[in-house]
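# Structural overview
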Amino acid sequence: MNLDPHYSNSTPLESLWSKTRDEMSLVSPANRRKMTIVVVGTGLAGASAAATLAQQGYAVKAITMLDSPRRSHSIAAQGGINAAKNYRNDGDSVFRLFKDTLKGGDFRAREANVYRLAEVSGAIIDLCVAQGVPFARDYAGYLDNRSFGGVQVSRTFYARGQTGQQLLLGAYSALLCSANRDNLEILTRREMVDLIIIDGRARGIITRHALTGQFEAITGDAVLLCTGGYSNVFYLSTNAVHCNVSAAWACHRRGAAFANPCFTQIHPTCIPQHGELQSKLTLMSESLRNDARIWVPKTADDRSPDQIPVSERDYYLERMYPSFGNLVPRDIASRAAERVCDEGRGVGSTKRAVYLDLSDAIKEFGKKVIDEKYGNLIEMYERITAENPWKTPMRIYPAPHYTMGGLWVDYHLMTTIPGLFCLGEANFSDHGANRLGASALMQGLADGYFVAPATVPNYLANAHLSHISPDHDACKSAIDESKKRIASLAAVKGEKTPSEIHKTLGQIMRKYVGMSRNEEGLKSAIQQIQVLRSEAAQNMMVQGDPNTLNPELEKSIHVTDYLELAETMARDALARNESCGCHFRVEHQTKTGECMRDDENYAHVACWEYGKTTPETEKLEFKVFKPIQRHYE
């Protein structure tokens, strides 16, 4: 593997991106329409990249497994998008956003990528405002901001509790503008099942049509993978049920390195699980932590929250982290919630929940102000739980949410396979071991609107590629391999459904590779996953015709990939013998129960090749912001 980050270490961070961009090769307008770019996934990263590259004049094919890009999971992001605009004049800057992001990720991200993310953040807001995204505004008409976890400034732009949806509508409108110019084609209901590699370069993908079962080779000069994260490996997560890892895993099987797979974020603000038959969890926006206070009884107490006086409540985040209070980073808030529940002070019928209480904010600001900020979130909670948050505090508990691991990419966002780029949550590059709230939307749009539209043309200008037809022998061979692999899954007529196997896998992952991990548990997880993989190969029940609409067959594909991913995640967690960010090894913690990093031995990116049991590494160098002990007291 070539793990060269692909940038000059001698160039100051402040000028690295502009210098890199200025030195990139360009493609003339007349030649752009002769080149085809395949974009897999049409969430924020995919839609923004497809729209921008099409506007430049390239022929773009945007692939989505859904019936419309508007249903991409990016719509579920509620709280906001970060940008270093300093509208509040509270000390924010590009450097402070860079510093907060690097520190929030516990110094396990690449400095250059993180700085670029902070640098382009302001331009994202300007572009989205120009698109008509209805960001919240203050009384004077200026864009409003709020705070998010892990920071002490207000830099989060938001559209009530629907920020992801509004940003996606902006990207979708840009996508349709390009489609109307006839150089962008949106192909729906197609799921990527393999990557086409010719002469060592990515030249297209193999898709399976969800309605017909038909396999198709879609060729091009570069492939952009924008398919999101893999937290559904835990079975219960805040991700939509259709979210999966299969497209990224297909690239991994073909040689793309998978980086830091064990870095998975547990979000602290989720509606608790309410039954054994539940298939997903629902996220409540972290923005609620701006005004709500989080607490549990000081001792185990079955009384309703309104009967528990303030003197008998433990506002534990405010007590433990007085500087940041309820706005500590997600990994810290999640572990604290788990800790108080383990002490027997959890609330609700399962005792695996804490209170998120808006009552003090309602008294201070009034119901109208809180409703303007969070009304749709409050309504959503009430519909799901049949409880009224205006009268009774919400109950929340941590749940698998975002994944910081993903395909390894260099500074140009290219994977270890030339011509295969990876954008957004599907890559590993910007968040290290923990993502700060409101930074996911920032990364997706930074990659799609600003980074890939500069780096992909540079690749195309220097690759000198010839046209590849879908009838090429490599395409036919990839289709044959995909058909055989999926036919073999369909041929297994066992007794356990894919969902049953997936649920068992999720229980293993949550128990041993969840918020807290240890050597014994991780070794046990690897053994149990291997047994489950063997059982799935022999006893998974796949009903129905593989040549037509068959959700069970799709599930079997995803579950098979999850089983392989899960073992790699457990191996990665076992190999990283330190605690950092979301990766909490109980053997390595401070006296106060916080992460204890080992910068001498583990200040690196762990990069896994398919089928290998040990990783290669990319050393991380910190020249601008030296690693410090992460604390938020």
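First things first, this report covers the structure right here in the doc. (Residues numbered from 1 in each chain as written. Predicted model: local features only at pLDDT ≥ 70, side-chain atom pairs only at ≥ 80, totals over all residues. Heavy atoms only, no water.)

On to helix 6 (residues 163-180). Here helix 6 contains 18 residues, and its C-alpha end-to-end distance of 26 Å stays within 8% of the 26 Å for a straight helix at 1.5 Å per residue. Turning to helix 6, its buried residues number three or more, namely Thr 163, Gly 164, Gln 166, Leu 167, Leu 168, Gly 170, Ala 171, Tyr 172, Ala 174, Leu 175 and Ser 178. On its buried face, helix 6 sits against helix 3 (44-56), strand 3 (81-82), helix 5 (111-131), strand 4 (156-157), strand 5 (184-187) and helix 12 (440-463). Once helix 6 finishes, Asp 182 follows within two positions and takes phi at roughly 70°, a positive value. (Helix = DSSP H or I, 4+ residues; strand = E, 2+ residues; numbered from the N terminus. Expected span 1.5 Å × (residues − 1). Buried < 20%, exposed > 50% of the residue type's maximum accessible area, 1.4 Å probe, protein only. Contact = heavy atoms within 4.5 Å.)

Turning our eyes to something else, we now look at the environment of Gln 443. Positionally, Gln 443 belongs in helix 12. For Gln 443, a relative accessible area of 1% corresponds to the buried category. Sequence separation between Gln 443 and Arg 116 is 327 residues; the distance between their C-alpha atoms is 10.0 Å. Excluding residues within four positions of it along the chain, Gln 443 makes contact with Leu 117, Tyr 402, Gly 424, Glu 425, Asn 427, Ser 429, Asp 430 and His 431.

Let's shift gears to the nonpolar core. Membership of the largest hydrophobic core comes to 149 residues, with the highest contact counts inside it found for Ile 81, Leu 224 and Leu 225. Examining the composition of this core, we find that 12 residues originate from one element, helix 12, more than from any other. Setting aside anything within four residues of it in sequence, one finds Leu 224 in contact with Ile 37, Val 38, Val 39, Val 40, Ala 49, Leu 53, Phe 421, Leu 423, Ala 452 and Val 456. (Core = buried A, V, L, I, M, F, W, Y, C linked by side-chain atoms within 4.5 Å.)

The next thing to look at is the sheet that holds strand 11 (residues 264-270). One open sheet accounts for 5 strands, arranged 11-15-14-12-13; its pairing is antiparallel. Here the strands that pair on one side only, and so sit at the sheet edges, are strand 11 and strand 13 (313-314). Where helix 9 (residues 330-345) meets the sheet, its contacts fall on strand 11, strand 12 (293-297), strand 13, strand 14 (354-357) and strand 15 (394-403), and the angle it forms with strand 11 comes to roughly 65°. (Pairing = 2+ DSSP bridges. Axes fitted to C-alpha atoms, helices over the stretch in contact; angles between N-to-C directions.)

A word on the pattern of salt bridges. Summed over the entire model, instances satisfying the criterion amount to 44 salt bridges. Residue Lys 85 is joined to Asp 126 by a salt bridge in which the shortest nitrogen-to-oxygen separation is 2.7 Å. Taken together, the residues span a long stretch of sequence, with Lys 85 in the loop between strand 3 and helix 4 (94-104) and Asp 126 in helix 5 at a distance of 41 residues. Judged by relative accessible area, Lys 85 falls into the partly exposed class, the value being 22%. With relative accessibility at 44%, the residue Asp 126 sits in the partly exposed group. A salt bridge links Arg 293 to Glu 318; the shortest N-O distance between them is 2.8 Å. Of this pair, Arg 293 sits in strand 12 while Glu 318 sits in helix 8 (residues 316-320), placing them 25 residues apart in sequence. A residue is classified by how much of its surface remains accessible, and Glu 318, at 27% relative accessible area, is partly exposed. (Salt bridge = Lys/Arg side-chain N within 4 Å of Asp/Glu carboxyl O.)

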